[in-house]
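Below are the chains, spelled out letter by letter.
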Amino acid sequence: MQFEWDESKRQATLRERGIDFIDAAMVWDDPMRQERVDSRKQHGETRIQTIGRVHFGILFVVYTERVQEDGEEAIRIISVMKANKRDRDEHGSSEARGQVLQNHTIVQDLTLILH
């Protein structure tokens, strides 16, 4: 699975929120990760919200899927923040029930593409 992002956005998020997009990519390792379509605004592309656990807590990540010039698919991380209480509770109740809302594969090999 390949990940990409805007490097200036990554630096701004790291500075303002203390969270690195590299950590956001680790959300895909969480087998209890949850997703929903981001319908808050029209962006000209489908954006997806995902919530998952990383080594320091639960993150809320917004991303889109892209096809690169070589035809390979990539996850483009748009934003990341610590999950709010509602999202943490939702994720926690999913963990407690042992349910996965989407069928996900645990990431074995991450390829990071910086732009």
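Now for a quick tour of the structure.

Rules of the game
Residues numbered from 1 in each chain as written. Predicted model: local features only at pLDDT ≥ 70, side-chain atom pairs only at ≥ 80, totals over all residues. Heavy atoms only, no water. Buried < 20%, exposed > 50% of the residue type's maximum accessible area, 1.4 Å probe, protein only. Helix = DSSP H or I, 4+ residues; strand = E, 2+ residues; numbered from the N terminus. Pairing = 2+ DSSP bridges. Contact = heavy atoms within 4.5 Å. Salt bridge = Lys/Arg side-chain N within 4 Å of Asp/Glu carboxyl O. Core = buried A, V, L, I, M, F, W, Y, C linked by side-chain atoms within 4.5 Å. Phe/Tyr/Trp six-rings, centres within 6.5 Å; stacked < 30°, edge-to-face > 60°.

1. Some points on the pairing of strand 5 (residues 73–82)
- Of all 10 residues in strand 5, 7 are buried; the element is thus mostly enclosed.
- Bridge count for strand 1 (residues 2–5) against strand 5 is 3 bridges, and the pairing is parallel. Each residue of the ladder has a partner; that of Glu4, found in strand 5, is Arg76.
- Two elements, strand 4 (residues 57–67) and strand 5, share 9 bridges in a ladder whose sense is antiparallel. Pairing of Val67 across the sheet is with Glu73, part of strand 5.
- Hairpin connection of strand 4 to strand 5: 5 residues between the antiparallel strands, including Gly71 at a positive phi of 90°.

2. Looking at the side chain of Asp87
- As for its position among the elements, Asp87 is in helix 3 (residues 85–97).
- For Asp87, a relative accessible area of 3% gives the class buried.
- Beyond its immediate chain neighbours, meaning those up to four positions away, Asp87 contacts Arg36, Ile51 and Phe60.

3. Topic: the pattern of salt bridges
- Across all of its chains, the model carries 10 salt bridges by this definition.
- Note that Glu90 and Arg36 form a salt bridge whose closest N and O atoms lie 3.5 Å from each other. One end of the pair, Glu90, is in helix 3; the other, Arg36, is in strand 2 (residues 34–37), and 54 residues separate them in sequence.
- Judged by its relative accessible area of 30%, Glu90 falls in the partly exposed class.
- Between Arg86 and Asp87 there is a salt bridge, with its nearest N and O atoms 3.7 Å apart.
- Look at Arg86 and you get exposed, because its relative accessible area is 56%.
- Through salt bridges with shared partners, a single ionic network connects Arg36, Arg86, Asp87 and Glu90.

4. Comments concerning the nonpolar core
- Counting residues in each nonpolar core, the largest one holds 16 residues, and the members touching the most others are Phe3, Trp28, Leu59, Val61, Ile77 and Val80.
- For this core, the secondary structure elements donating two or more residues are strand 1, helix 2 (21–25), strand 3 (48–54), strand 4 and strand 5.
- Those residues in contact with Leu59 that sit more than four places away from it in its chain are Ile19, Asp23, Ala24, Val27, Thr50, Ile51, Gly52, Val54, Val80, Met81, Lys82 and Ala83.
- With 6 residues, the next largest nonpolar core counts Ile51, Ile58, Ile78 and Ala83 among its residues.

5. Observations regarding the packing of aromatic side chains
- As enumerated under the stated definition, the model contains 3 aromatic pairs in all.
- Measuring from centroid to centroid gives 6.0 Å for Trp5 and Phe21, while their planes differ by 85°, and the two rings are edge-to-face. In this pair, Trp5 sits in strand 1 while Phe21 sits in helix 2, placing the two residues 16 residues apart along the sequence.
- With relative accessibility at 0%, the residue Trp5 sits in the buried group.
- With a centroid separation of 5.0 Å and an interplanar angle of 75°, the aromatic rings of Trp28 and Tyr63 are classed as edge-to-face. Here Trp28, found in the loop between helix 2 and strand 2, pairs with Tyr63, found in strand 4; they are 35 residues apart in sequence, far enough to count as distant. Note on accessibility: Trp28 and Tyr63 belong to one class, buried.

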